[in-house]
Amino acid sequence: MDAQWIFGIVVGYVAAGVAVFLLYLPFLVLFVVLLLAAGILELMALPFLVLFRGFHGRGKPGSSTSGSRLPG
């Protein structure tokens, strides 16, 4: 087992790693894009969610009408 043989094995492993990374790169990019899109949609929906949470507790019997969001 000489140095060239070991170097060839190492280069083969590195080439296989790079090939697998390039093979799955479109899926990784798609995953990141979907995460960013979900975050942007959540930020766009945040004002509506806050608005609907404000209307949620009003009008129920036993709920406080002080407008405070603290329990009790």
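One structure accompanies this document, and this report is about it. Here the structure is a predicted model, which means the values were calculated and not measured.

### So, the overall build of the chain
Next, step 1: When helices and strands are counted, the chain shows 1 helix and 0 strands.
Next, step 2: For the chain, with 72 residues in total, the buried portion stands at 1%.
Next, step 3: When the accessible surface of the chain is split by element, carbon and sulfur atoms take 77% of a total near 6800 Å².

### Thoughts on the packing of aromatic side chains
Next, step 1: As enumerated under the stated definition, the model contains 1 aromatic pair in all.
Next, step 2: Taking the centre distance of 6.3 Å and the plane angle of 50 degrees together, the rings of Y24 and F27 count as tilted. Here the residue Y24 and the residue F27 both occupy positions in helix α1 (residues 3–56), the gap between them amounting to 3 residues, near one helical turn.

About the cut-offs
- Residues numbered from 1 in each chain as written.
- Predicted model: local features only at pLDDT ≥ 70, side-chain atom pairs only at ≥ 80, totals over all residues.
- Heavy atoms only, no water.
- Helix = DSSP H or I, 4+ residues; strand = E, 2+ residues; numbered from the N terminus.
- Buried < 20%, exposed > 50% of the residue type's maximum accessible area, 1.4 Å probe, protein only.
- Areas by Shrake-Rupley, 256 points an atom, 1.4 Å probe, with all protein chains shown as cover.
- Phe/Tyr/Trp six-rings, centres within 6.5 Å; stacked < 30°, edge-to-face > 60°.

Purely spatial values, then, with no claim about function.
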